[in-house]
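# Inside the fold
The lines below spell out each chain.
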Amino acid sequence: MNRRRFLAAGLASLGTGCGLPNVRSGTVSPRVSVVDVRRLVVERTDPIAGRCRYLADLGARQVAQPILWARRGESFDAVIDNALPQPTTVHFHGLTLPEAQDGAGFDPIGPGGRKRVRFEVKNRSGLYWFHPHPHGFTAEQVHAGLVGLLIVTDEDDDALDAGLALPPGNRLALAIADIRVAGTAIRPYAPDPQDCLHGWVGNRSLVNGRLDASWAVAPGWVRLQLLNACNARGLLLAFRDGDELVRFHLLGTDGGLLAAPRELDRVFVYSAERVDIAIDANGRRGLQAVSLEFDPRHHAQGAALGHAHPERAHHAPLAAEAVCESAPGGQGERPADGAELPLFSLRIDGAETRTPPLPGRLSALTEAAAPPGAETRRMRLDFDERAGFVIDQTPYRADERGFSVRRGASEVWEIRNSPISMPHPMHLHGFGFRVLRRQGTFGAARKFATEPGGRFATDLGVKDTVLLWPNETLWLALDFGLPVEPAFRGPQRYMFHCHNLEHEDGMMMRNLTVV
Ligand SMILES: [Cu+2]
């Protein structure tokens, strides 16, 4: 079989080769209770295009790319089986976990290795997710399809669904990724120096692993919990019905529900951020979710940012053709961040109904405020033509202790992004935080800063990932309290890093230790 046919096979393995009908609602990834998972296998399904998946072993059956559901207080207790030819970890993004369960990359699982992971879900209801985090391999493995969704529910979540009177099938959890497709072939992941600088951006969206994804929903409220699972692409999410931009309601962000819904016609969702939204499908036949065109503000220009990860020398890329495809001229035109991109569609079938009023109160969340007496910690994000993107002029080293934070301390972080820079979605492991204010936002983005303090709607609520545009300064409120349990005793290391995954693998990361 020649190379092109191999790659076409890769596209078919996504479940929707070009020309095939859209995916129907019956093929949504199955719901799996977190307590039923005995093993989570991380495996490569297509060695040519380098596609991978999670397989949940429930004992009686196995479920590929499961959507995990957890009631707050339930526990995950499973063996992670690494069937990849590379080291991996499973990082549960957004969850409050001790270092040993965080999967941050301090203790990767080697090829063929396994590790038991046990923890209690302590977080508020919301959309969380899990993905690989082995330093130097993260971007490649997430791009390969290793993205899992975890929905946490609690009483607030129950009350919301009841208030929306959601018809069956009108609640969807969607991971929006992007890949490069040329003809019927997936371009294997092979970032060149420009990709390392800007991040690997695809030309087609892949939603829950599917191209041209479409779901059938009933008239009435539709609740969508959406994750930007792209390595580097920012999304300016909106919904079209023909030429009309349909307004929707923001219900929640990374760490759960807001105090009250916010009505919007578009919202920025950067890599690793989540939004929980309600949209009224009554009186419509279909809705097309898109990322609208925007100025991506990539101000950094530079030469190669090749970072040598010692481990990479010992493990081949996931895609067989990666080396060939990175040859000059192999990539064709480079897809651009900020370009309009269709994401997925909703087909609305069924009898019209009366949409109940949206609940006015969603949770008891209070307005973000700096805790009294909190110390301010200042950080800078910079670009250096030789070192690449750095936090406080320090490229990442896995063995660094990083900075120390006192357990139980309240802090304000003042983070400044250089004017010669790019948008950096910054993620903190282990702790949710609140966004207090923004300053220095450029004009085109400032018009979407609809909230007090120059904040965006996605800055509301409990956050674990926050975007910094070039030239911006952000103030965050953090509380470093940890649960009083044996698993959290002793110094706990976490990470603060850019979730543009090419930047992350390119050393834009720091360790911190809670002591
Ligand atoms: Cu970045």
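Rules used throughout
Residues numbered from 1 in each chain as written. Predicted model: local features only at pLDDT ≥ 70, side-chain atom pairs only at ≥ 80, totals over all residues. Heavy atoms only, no water. Helix = DSSP H or I, 4+ residues; strand = E, 2+ residues; numbered from the N terminus. Rg over C-alpha atoms; globule rule 2.2 N^0.38 Å. Buried < 20%, exposed > 50% of the residue type's maximum accessible area, 1.4 Å probe, protein only. Contact = heavy atoms within 4.5 Å. Areas by Shrake-Rupley, 256 points an atom, 1.4 Å probe, with all protein chains shown as cover. Lys, Arg positive; Asp, Glu negative; His and termini not counted. Charge placed at Lys NZ, Arg CZ, Asp CG, Glu CD. Donors = N, O, S within 2.8 Å, 3.2 Å for Na, K, Ca; no water. Polar contact = N/O pair within 3.5 Å; in protein donor to acceptor, adjacent residues only side chain to side chain. pLDDT = per-residue confidence, 0-100. Pairing = 2+ DSSP bridges. Axes fitted to C-alpha atoms, helices over the stretch in contact; angles between N-to-C directions. Salt bridge = Lys/Arg side-chain N within 4 Å of Asp/Glu carboxyl O.

## Some points on the overall build of the protein chain
- Tallying secondary structure elements over the protein chain gives 8 helices and 34 strands in all.
- For a compact globule of 515 residues, the expected C-alpha radius of gyration is about 24 Å, and the protein chain comes in at 21 Å, within 12% of that figure.
- Across its three principal directions, the C-alpha atoms of the protein chain cover 65 × 60 × 50 Å.
- Buried residues in the protein chain amount to 61% of all 515 residues.
- When contacts within the protein chain are restricted to residue pairs at least 6 apart in sequence, those whose partners lie at least 24 apart make up 82%.
- Total accessible area computed for the protein chain in this model is approximately 19100 Å², and 50% of it derives from carbon and sulfur atoms.
- In the protein chain, which carries 58 positive and 60 negative side-chain charges, the distance between the mean positions of the two groups comes to 1 Å.

## Observations concerning the coordination of the copper ion
- Taken together, His424 (ND1), Cys498 (SG) and His503 (ND1) make up the full set of protein donors to the copper ion, lying 2.0 to 2.1 Å away.
- Mapping the donors of the copper ion onto the primary sequence gives the spacing H-x73-C-x4-H. Taken together, the positions of His424 in strand β29 (residues 424–428) and His503 in helix α8 (residues 501–505) put the pair 79 residues apart, joining distant regions of the chain.

## Some words on the side chain of His503
- Since its relative accessible area comes to 2%, His503 is described here as buried.
- Within the structure, the side chain of His503 is placed 2.8 Å from the backbone oxygen of Leu197, a separation counted as a polar contact.

## Focus on the confidence of the model for the protein chain
- Mean pLDDT for the protein chain: 90, with 91% of residues reaching 70 or above.
- Here residues 1–10 scores under 50 on pLDDT; set against residues more than four positions off or in separate chains, the count is 18 contacts.

## Things to note about unusual backbone geometry
- Even without glycine at this site, Asn208 takes up a positive phi of about 50 degrees.
- What makes Asn208 buried here is its relative accessible area of 15%.

## So, the sheet that holds strand β8 (residues 114–120)
- Judged by pairing direction, the sheet is mixed, and its 5 strands sit side by side in the order β4-β3-β2-β6-β8 without closing on themselves. Each having just a single partner strand, β4 (62–64) and β8 make up the two edges of the open sheet. In this sheet, neighbouring strand axes are inclined to one another by 30 degrees on average, regardless of whether the strands run parallel or antiparallel.

## Some points on the pairing of strand β9 (residues 126–131)
- Judged by how many residues are buried, β9 sits mostly within the fold: 6 of 6 residues are covered.
- Where strand β7 (residues 91–93) and β9 come together, 3 bridges link them in antiparallel fashion. Within the sheet, the bridge partner assigned to His91 lies in β9 and is His131.
- Where β9 meets strand β10 (residues 148–153), 5 bridges bridge the pair, whose relative direction is antiparallel. Looking at β10, one finds that Gly126 is bridged to Val152.

## Brief notes about the pattern of salt bridges
- Under the criterion given, the structure shown has 38 salt bridges.
- Among the salt bridges present, the one from Asp81 reaches Arg114, with a minimum N-O distance of 3.0 Å. Linking Asp81 in strand β6 (residues 75–82) with Arg114 in strand β8, this pair joins segments that are 33 residues apart in sequence.
- Several salt bridges share partner residues, and in doing so they unite Asp157, Asp161, Arg171, Arg223 and Asp276 into one network.

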